[in-house]
Amino acid sequence: MDVGELLNYQPDRGAKRPRGEEDGGAGGDEDSRGGKQLKGMSARELARYREVAGAEGGAEMRENEELIGDRKIILEKLMDQDAEEPEAELVDESSVKKMILTFEKRSYKNQELRIKFPDNPEKFMESELDLNDIIQEMHVIATMPDLYHLLVELNAVHSLLGLLSHENTDILSPVVDLLQELTDIDTLHESEDGAEVLIDALLEGQVVALLVQNMERLDEQVKEEADGIYNTLAIIENMAEFRPGMCTEAAQQGLMQWLLKRIKAKMPFDANKLYCSEILAILLQNNDNTRELLGEMDGIDVLLQQLSVFKRHNPSTAEEQEMMENLFDALCSCLMLPSNRDRFLRGEGLQLMNLMLREKKMSRTSALKVLDHGMIGPEGTDNCHKFVDILGLRTIFPLFMKTPKKMRKTGVSEREHEEHVCSIIASMLRNLKSQQRSRLLSKFTENDCEKVDRLMELHFKYLEAVQQADKRIEGEKHEMVRRGEILDDSMEDEFYLRRLDAGLFVLQLICYIMVEISNSGIPQLQQRVHQILNLRGGSVKVVRHIMREYAESIGDGKSDEFKEAERKRIMDLADNF
């Protein structure tokens, strides 16, 4: 019996009917009849039956010992074959060095032949196939990040970056694939030292600039080249996640410009557009340099134009919804920079957000968040005045009076919605002057002060939630002290974050609105606030305590003069409450 027969051998399963004579019909009968037919055979007939079955390749009647022996032979032969396979060769430092040197030789040879025979592809085609093969082999290095230093020491990183400008786009894709695998974030975290060396070398070689130039050349109508762009963006994402500090440099090396160009390109929505929106949001996170750069490139207008599509239409897929959220996040990040608030105002961003709030589409939730970012702090004064001028009060107060049920469907919590609405109203009370401020305050007196009633309803709702959280935290602190544990600053910070999650910040905003309208000089408002407070067993002392805590935490990232002035203003309001 040869190896092929052994590998094709399948024991009879009993339940199947015999396929015919050459499948060993008697074997099937033996199973179905419990072996009675074979027991009735003479020794000679039985021997002849076994001989025929063996010659035809059916191993059904072999005894257990023979089966075990056959399996051993198969395993031994397979193990012998594995031993002969070159792929099973142990990959270590010396084999990686050998692989890198082979890559260098083939890369140099291909370059040489291309220079020598620029108009005769037949002369250098074989060298390009060889180069492609060795690049594929080098993927094994991505499994050993502790050997990444060899790529740098033997100049392979420099050569790989050089291949990003290769004339043949069929060479680009394997190089991008390899770089993407080498920079995989999970692999980078396996060996921090190896990862640092590789990322340093890539950034030194201006990898982002080269990748952007490469993407400019690729045609997304060709699937392989579109995949190449996707993998290129994955390299940038991996590097940005491992080293966030490189975002500014990356944006300045043409990435920001390319992303904005790709996002506004008149092309059908696809995975690459989604990925671009994600990378853009990453670049702008906690980075004033990239925010300023986007503003200078008219990026605010690009974001507003792309988002205007969702004014009257919901995203058609979950992926498109994710892209919309990424663009809104990018816009919110940009508005953290004061100079971008003016660009947002000039670009009629307020009008767009106001329309989105009225249209009641999926974009409404994010539009509320953008307005909150655009109007907060003294830098939001112009936006606050403009919002009142475009009749924004008519839009925001219905959302204050009742939390829409649709908000919950979009994955936004009731607390998040109420936080944004209260923050917008608080910003307007802080920033509005003269006529616009009067229009805002008059809203609270409408319909027998129904908005004050709603404000007090929210006050008691969040006060109860925070008091329950405080009670749990006090119990935990008491237990920790009893066990002899030390309450350090990190634990206190954790407890404070838990209080914020319970709704402390919303409660602070609500109390701020309460003290602002009580100090507005409209007796009707002050009387209504105190009347409901007394009716429901509330306390002026509690409100003042909340305001004192709010004043202590205000003005993060602001100048000391601003912090001090704002704290004094808030405390004066609280004292006069």
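Our structure is the block above this text.
These numbers come from a predicted model, not from an experiment.

Trainee: Explanation requested: unusual backbone geometry in the structure shown.
Mentor: Keep in mind that most residues, glycine aside, have a negative phi and that most peptide bonds are trans. In this structure, N155 takes a positive phi of about 70 degrees despite not being glycine. Within the secondary structure, N155 sits in the loop between helix 8 (148–153) and helix 9 (156–163). Residue class for N155 comes out partly exposed when judged on its relative accessible area of 39%. Unusually for a residue other than glycine, N286 sits at a positive phi of about 50 degrees. Note that N286 resides in the loop between helix 16 (271–284) and helix 17 (288–296).

Trainee: Help me out: how do you make sense of the nonpolar core in this one?
Mentor: The nonpolar side chains of soluble globular proteins are, as a tendency, buried together. Membership of the largest hydrophobic core comes to 150 residues, with the highest contact counts inside it found for L151, L255, L280, M353, M428 and I517. Per-element accounting of this core gives the leading share, 12 residues, to helix 27 (residues 434–482). Those residues in contact with I517 that lie beyond four places of it in its chain are L429, L441, F444, V452, L455, L525 and V529.

Trainee: Even after reading the chapter, I still don't get the pattern of salt bridges, so can you show me in this structure?
Mentor: Where charged atoms from two side chains of opposite charge approach closely, those side chains can pair. Considering all chains together, one arrives at 34 salt bridges under this definition. For E128, the salt bridge is made with R114, and the minimal N-O distance between the two is 2.4 Å. In this pair, E128 sits in helix 7 (residues 121–137) while R114 sits in helix 6 (residues 93–116), placing the two residues 14 residues apart along the sequence. We note that E128, like R114, is buried. Residue E196 is joined to R243 by a salt bridge in which the shortest nitrogen-to-oxygen separation is 2.5 Å.

Trainee: Looking at this structure, how should I read the packing of aromatic side chains?
Mentor: For any pair of aromatic rings, the description consists of the separation of the ring centres together with the inter-plane angle of the planes. Summed over all chains, the structure comprises four aromatic pairs. For the pair F397 and F444, a centre-to-centre distance of 5.5 Å together with 90 degrees between the ring planes defines the contact as edge-to-face. Here F397, found in helix 24 (residues 393–401), pairs with F444, found in helix 27; they are 47 residues apart in sequence, far enough to count as distant. By relative accessible area, which is 2% here, F397 ends up buried. Through a chain of ring-to-ring contacts, three or more aromatic side chains come together here, namely F397, F400 and F444. Cation over ring: R430 sits above Y512, and NZ or CZ is 4.8 Å from the ring centre.

Trainee: Can you help me understand helix 20 (residues 338–346) in this one?
Mentor: In an α-helix there are 3.6 residues to a turn, and that puts residues three or four apart on one side. For helix 20, the set of buried residues is N340, R341, R343 and F344. Take helix 20 and look down its axis: the buried residues cluster within an arc of 165 degrees, on one side only. Where the residues of helix 20 are buried, they touch helix 17, helix 18 (299–307), helix 19 (318–334), helix 21 (349–359), helix 22 (364–375) and helix 23 (381–389). In the stretch just after helix 20, E348 is the one whose phi turns positive, near 60 degrees.

Cut-offs used in this document
Residues numbered from 1 in each chain as written. Predicted model: local features only at pLDDT ≥ 70, side-chain atom pairs only at ≥ 80, totals over all residues. Heavy atoms only, no water. Helix = DSSP H or I, 4+ residues; strand = E, 2+ residues; numbered from the N terminus. Buried < 20%, exposed > 50% of the residue type's maximum accessible area, 1.4 Å probe, protein only. Core = buried A, V, L, I, M, F, W, Y, C linked by side-chain atoms within 4.5 Å. Contact = heavy atoms within 4.5 Å. Salt bridge = Lys/Arg side-chain N within 4 Å of Asp/Glu carboxyl O. Phe/Tyr/Trp six-rings, centres within 6.5 Å; stacked < 30°, edge-to-face > 60°. Lys NZ or Arg CZ within 6 Å of the ring centre and 35° of its normal. Arc of directions from axis to C-beta.

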